[in-house]
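One-letter residues, chain by chain:
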Amino acid sequence: MRIQRIASKWQKTQILLQGPHLQVYIPETQKFSLETLNTMIHKYGLVYIKPDRGTYGQGVMSAEYNGPLTSDILPQAEPQVPQIQEPSPLPPSYKHRYGVQTQTYLSIDELYAVLIHKIQGREYLIQQGIDMLTYHRRKFDLRVLVQKNLKGEWETTGYIGRVAAHQKIITNHHGGGTALPIEHLLGPHMNERQLQLMIQELRQIGTLVGYQLQSAYPRLKELGLDVAVDAGFKAWILEVNTLPALFPFKELKDKSIYKRIRKYAIHYGRFSRSRSASFR
């Protein structure tokens, strides 16, 4: 029986949102339009625009708003004493990043026109931007690998960090990202207890995602979760890949991790025993 693969990020997100224990980990995600761009960029300040179907981070863009957010606008009391005249603030603007290029626009309509030109009629999503932790001023996320084990149960089998290349917004290997142990990336931000709690939470998130997606797609065997950690140490599931790369885990110091990953992959048919010899 072939391993099931799901291309649509939108479909996977909708299934995950049906899991009551997973909703808290899902950033707001909508289908891209002028209305959703206008609402979400003024709500969150940072959004990511990504193709509904695609791999390796190709086509992923970001947009950032530097003005007051809608969540920050509160009624102001009338001043009771004379106020010192403040210098006029700079007008709000919108920063658009794609690859290593950055452009600034003064209106949402200008930004939208540029995005539509790059999208070229394809289905795109817009996702809440996360204030991710950084490593040497570069953003990083975590790849969490989840597989069906020898008993046919979902098991979180590996974790690895991915650091974005200089001036890039994507972290994967094909986009120039660097793979590092998660302890190396999270260690400067957390004490040992916080780190162990985070690892425990990642393990739990992985298995929850496996069983939730399996409810709609019963032939899934392996998943790669892209997880961001924000400044408050909250985990966010950015995306779930149903054809995850296994080779990055070969670089981990603990070789037993990749050995188990390979054993499970052989068992559920990712590759044959003879082919797997090249992955040792």
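Positions within a chain are numbered from 1, following the residues in the order the chain's sequence is written. Reporting of local features is limited, given that this is a predicted model, to residues whose pLDDT is at least 70; pairs of side-chain atoms are given and counted only at 80 or more, and all residues count toward the totals for whole chains, interfaces and linings. Hydrogen atoms and water are omitted, and side-chain values are computed over all heavy atoms in the structure.

K.L.:
Can you walk me through the overall build of the protein chain in this structure?
P.N.:
Each helix corresponds to a stretch of at least 4 residues labelled H or I by DSSP, and each strand to a stretch of at least 2 residues labelled E; elements are numbered beginning at the N terminus. Helix and strand content of the protein chain: 7 helices and 12 strands. With 280 residues in all, the protein chain has 46% of them scored as buried. Of the contacts made within the protein chain by residues no fewer than 6 positions apart, 64% connect residues no fewer than 24 positions apart. Residue-level accessible areas treat just the shown protein chains as cover; the underlying method is Shrake-Rupley with a 1.4 Å probe. For the protein chain, the computed accessible surface area is about 15,700 Å², with 52% contributed by carbon and sulfur atoms. Exposure classes here rest on a 1.4 Å probe applied to the protein chains alone. A residue is buried below 20% of its type maximum, exposed above 50%, and partly exposed in between. When checking whether two residues touch, look at their non-hydrogen atoms; a contact exists if any pair is within 4.5 Å.

K.L.:
How should the packing of helix 2 (residues 34-44) against helix 3 (residues 108-119) be read in this particular structure?
P.N.:
When two helices pack together, their arrangement is captured by the angle between the axes and the distance separating the axes. It is at 11 Å that the axes of helix 2 and helix 3 come closest, and there the two elements cross at 125°. Taken together, the axis directions place helix 2 and helix 3 in an arrangement best described as oblique. When the axes of helix 2 and helix 3 are compared, the crossing they make is right-handed. The segment helix 2 lies against helix 3, with Leu-34, Leu-37, Asn-38, Ile-41 and His-42 engaging Ile-108, Asp-109, Leu-111, Tyr-112 and Leu-115. For every element, the axis is a line fit to its C-alpha atoms; helices are fit only across the contacting stretch, and the angle between N-to-C directions ranges from 0 to 180 degrees. To sort the angles, those under 35 degrees are grouped as roughly parallel, those over 145 as roughly antiparallel, those from 65 to 115 as roughly perpendicular, and the leftovers as oblique. We call a crossing left-handed when the near helix sits turned anticlockwise from the far one by less than a right angle, and right-handed when that turn is clockwise.

K.L.:
Help me out: how do you make sense of the nonpolar core in this one?
P.N.:
As a rule of thumb, soluble globular proteins bury nonpolar side chains together. To define a nonpolar core, start from buried Ala, Val, Leu, Ile, Met, Phe, Trp, Tyr and Cys residues and group those joined through side-chain atoms within 4.5 Å. By size, the foremost hydrophobic cluster in this structure holds 35 residues, and its most contacted members are Leu-186, Val-209, Leu-213, Leu-223 and Leu-225. Only helix 1 (9-17), strand 8 (138-148), strand 9 (154-163), helix 4 (182-186), helix 5 (192-214), strand 11 (222-229) and strand 12 (235-241) provide two or more residues apiece to this core. Ranked by residues supplied to this core, first place goes to helix 5 with 7 residues. With sequence-adjacent residues up to four places away left out, Leu-213 is seen in contact with Lys-12, Ile-15, Leu-16, Leu-220, Leu-223 and Val-240. Counting 19 residues, the second-largest nonpolar core is a separate cluster that includes Ile-41, Tyr-65, Leu-69 and Val-114.

K.L.:
Help me understand the side chain of Arg-143 in this model?
P.N.:
Along the chain, the position of Arg-143 falls in strand 8. Two N or O atoms form a polar contact when they lie within 3.5 Å of each other; inside protein one atom must be a possible hydrogen donor and the other a possible acceptor, and for residues adjacent in sequence the pair counts only when both atoms belong to side chains. One polar contact links Arg-143 to Asp-226, side chain to side chain, over a distance of 2.9 Å. When sequence neighbours within four positions are dropped, the list of residues in contact with Arg-143 reads Gly-158, Tyr-159, Ile-160, Arg-162, Gly-224, Leu-225, Asp-226, Asn-241, Pro-244, Ala-245 and Phe-249.

K.L.:
Would you take a moment to explain the environment of Gln-14 for this structure?
P.N.:
Positionally, Gln-14 belongs in helix 1. Taking C-alpha positions, Gln-14 is 9.4 Å from Thr-29, a pair spaced 15 residues apart along the chain.

K.L.:
Even after reading the chapter, I still don't get the pattern of salt bridges, so can you show me in this structure?
P.N.:
Between side chains of opposite charge, a pair can form as their charged atoms come close. In what follows, salt bridge is the name for a side-chain nitrogen of Lys or Arg lying within 4 Å of a carboxyl oxygen of Asp or Glu. Going through the model one piece at a time under the given rule, you end up with 8 salt bridges. Lys-43 is the partner of Glu-28 in a salt bridge, and the nearest nitrogen-oxygen pair spans 3.3 Å. A residue pair is termed long-range when its members are at least 10 positions apart, and Glu-28 in the loop between helix 1 and strand 1 (29-31) and Lys-43 in helix 2 qualify at 15 residues. Residue class for Glu-28 comes out partly exposed when judged on its relative accessible area of 23%. When the shortest N-O distance is used, the salt bridge between Arg-260 and Glu-155 registers 3.5 Å. Residue Arg-260 is located in helix 6 (residues 255-268), and its partner Glu-155 is located in strand 9; the two are separated by 105 residues in the primary sequence. A relative accessible area of 28% means that Arg-260 is categorised as partly exposed. Each of Asp-141, Arg-143, Arg-162 and Asp-226 takes part in salt bridges that share partners, so that together they form one network.

K.L.:
For this particular structure, what's the right way to read the packing of aromatic side chains?
P.N.:
Where two aromatic rings form a pair, the distance of their centres and the angle of their planes describe that pair. For this analysis, a ring pair means two rings from Phe, Tyr or Trp (six-membered ring only for Trp) whose centres lie within 6.5 Å, classed as stacked if their planes differ by under 30 degrees, edge-to-face if by over 60, and tilted for the remaining angles. All told, the structure shown has 2 aromatic pairs when counted by the stated rule. Taken together, a centroid distance of 5.8 Å and an interplanar angle of 20° make the contact between Phe-32 and Tyr-112 stacked. Of this pair, Phe-32 sits in the loop between strand 1 and helix 2 while Tyr-112 sits in helix 3, placing them 80 residues apart in sequence. On the basis of relative accessible area, Phe-32 is assigned to the buried category, the value being 14%. Over the face of the ring belonging to Trp-236 we find Lys-234, whose NZ or CZ atom lies 4.5 Å from the ring centre. Geometrically, a lysine NZ or arginine CZ counts as sitting over a ring once it is within 6 Å of the ring centre and also within 35 degrees of the ring normal.

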